[in-house]
Amino acid sequence: MKVLDKLFLLRVWGLAIYLLCSLNLLAQDSATQEWTSFDGKSLKGQFVRIDGKSVVLKLPTGKEVNVKLSSLSFESHLQALKLSKPEAFGKDLLKVPEKTEAAQSATSVTLEAALANPFGENPTIDSFLQVATSQWKRGNPFISWHMLPTNIREEIAQQSLRNMEALGTPGRSQLSQLISSLSKIATEKREWILGAQGSHFPFLAGAVSDPQKQWPYLVGFLQKLSEAKLWQDDNFNQANIEKWLASMSLVMGYLNQMHPEKSNIAYEVVSQSADSDDVDVTVADQKPVKVTFQKQGNLWIVPEAIQEIESQLQEEKQTNAKPQGLTMMSAGMSFVAPVMKELAAARTRQEFDQALASSGIQQMMGAGARSGAGGAGDMTQLPAMLTGLPWGLPGFPKVGSGN
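Residues numbered from 1 in each chain as written. Predicted model: local features only at pLDDT ≥ 70, side-chain atom pairs only at ≥ 80, totals over all residues. Heavy atoms only, no water.

Trainee: Can you tell me about the overall build of the protein, naming the residues and giving the values?
Mentor: Assigned secondary structure in the protein consists of 15 helices and 8 strands. Counting all 403 residues of the protein, 43% fall into the buried class. The contacts of the protein with a sequence gap of at least 6 include a subset with a gap of at least 24, amounting to 65%. (Helix = DSSP H or I, 4+ residues; strand = E, 2+ residues; numbered from the N terminus. Buried < 20%, exposed > 50% of the residue type's maximum accessible area, 1.4 Å probe, protein only. Contact = heavy atoms within 4.5 Å.)

Laid out in structure tokens, this is it:
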């Protein structure tokens, strides 16, 4: 073989080896990704697998480490899920998820019936509790209103008016639009919310513990809450505020159906006197709690519960300021509302994920959680936040209270 031919072959062979090495290096580089946490820290590593609630990464040193998925930014969390199940992404990006049909409220109580005081004159403790618990089980959360003394009801009404005046017509309109967007998202994009980014999606995913059973009630709740008649200006005056509070309370009835254990209430009167009775109250599967009721006019009240509600109302009145939750909501609405509108309009999962990733909401929610500002992302708290109505029967033990 001629010398020139040999040199040519050597060059070709050398070029082939160089290309193979380069491709190998590129393959290694493409397998190494950058991972970031909510607090901005980053590291480089190769995805190995998802192990429970952690992602296993292989560092450039060859060492494998476990990183909790909950500590990752939304982008890195989504990256881990895509690498774990690539077949779940791509084809499904163009697939529109099925709509969730709203569950119907089980309440048989009309607005007019909710506004009527059902206790009558001089009820016994047994008849009072029987009416209260049966109305609650029928889906009438507004029974809590009728269990409050007149002065407390008047102060709640005034505080609600102050809240809505603080929002003003533009604020109420923006809030209504925000809820409408959330209703559309919950109805049409359940799989996208509960899929890759479910554990991080604010406002909705955090509101349910059992999506299969509870999601239709969440949709029903949001659809009712977004109805334009709830946010009309003529609701917010002295003549109509109680009717508005009753309407909001019946909307909250959907939340009772999301947690039916809260309606599993039993009681037993264990001791009686002229104006004070001890009652063992059992809620759900908790142990009985002894509660002391005192007679006040035509009501039987738990003094400690009434004092707590009164104290909260007086604190708000003295500071002459909007509640903290309402202040946070007002401040963030101009930022959140456009994002929710964009998410509601997303036609593919890719558009939805990109809009959520670029919105900055994940970082905002993560910072709120680290600072201890809990509950800011749960829209199911909104009616109680705006109205000041007690959640549950006043004085009755709460489910999960540990009593």
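Trainee: Could you give an account of the confidence of the model for the protein, naming the residues involved and the relevant values?
Mentor: Scored by pLDDT, the protein comes out at a mean of 78, with 76% of its residues at no less than 70. Contacts of residues 6-10 to residues separated by more than four positions or lying in other chains number 2 contacts, the stretch itself having pLDDT below 50. A low-confidence stretch, residues 12-30 (pLDDT under 50), is modelled with 0 contacts involving residues beyond four sequence positions or located in other chains. (pLDDT = per-residue confidence, 0-100.)

Trainee: Mind laying out the pairing of strand β4 (residues 64-68), listing which residues take part and the relevant values?
Mentor: Side chains on a regular strand alternate between the two faces of the sheet. Where burial is concerned, the two faces of β4 differ: the one with V65 and V67 is buried and the one with E64, N66 and K68 is not. Of the pairings in the sheet, the one linking strand β3 (residues 54-58) to β4 comprises 5 bridges and is antiparallel in character. Bridge pairing in β4 links V55 to V67. Hairpin remark: β3 followed by β4, antiparallel, with 5 residues in the connecting loop; positive phi at G62, about 100°. (Pairing = 2+ DSSP bridges.)

Trainee: Quick rundown of the pattern of salt bridges? Include the residues and the values.
Mentor: Under the definition given, this model contains 8 salt bridges. A salt bridge links E188 to K99; its shortest N-O distance comes to 4.0 Å. Separated by 89 residues along the polypeptide, E188 in helix α6 (residues 150-188) and K99 in the loop between α2 (74-84) and α3 (111-115) bring together distant segments of the chain. The exposure class assigned to E188 is buried, which follows from its relative accessible area of 19%. Salt-bridge contacts for E351 lead to R347; the nearest nitrogen and oxygen are separated by 3.3 Å. (Salt bridge = Lys/Arg side-chain N within 4 Å of Asp/Glu carboxyl O.)

Trainee: Please provide a residue-by-residue account of the packing of aromatic side chains, values included.
Mentor: Throughout the structure, instances matching the rule amount to 6 aromatic pairs. Between F119 and F128, the aromatic rings sit 4.2 Å apart at their centres with planes inclined by 20°, giving stacked as the arrangement. With respect to class, F119 is no different from F128; both count as buried. Both rings, one in F142 and one in W145, keep their centres 5.4 Å apart while their planes meet at 10°; by these two values the pair is stacked. An aromatic cluster is defined as three or more aromatic residues linked by ring pairs; in this entry it consists of W231, F236 and W244. (Phe/Tyr/Trp six-rings, centres within 6.5 Å; stacked < 30°, edge-to-face > 60°.)

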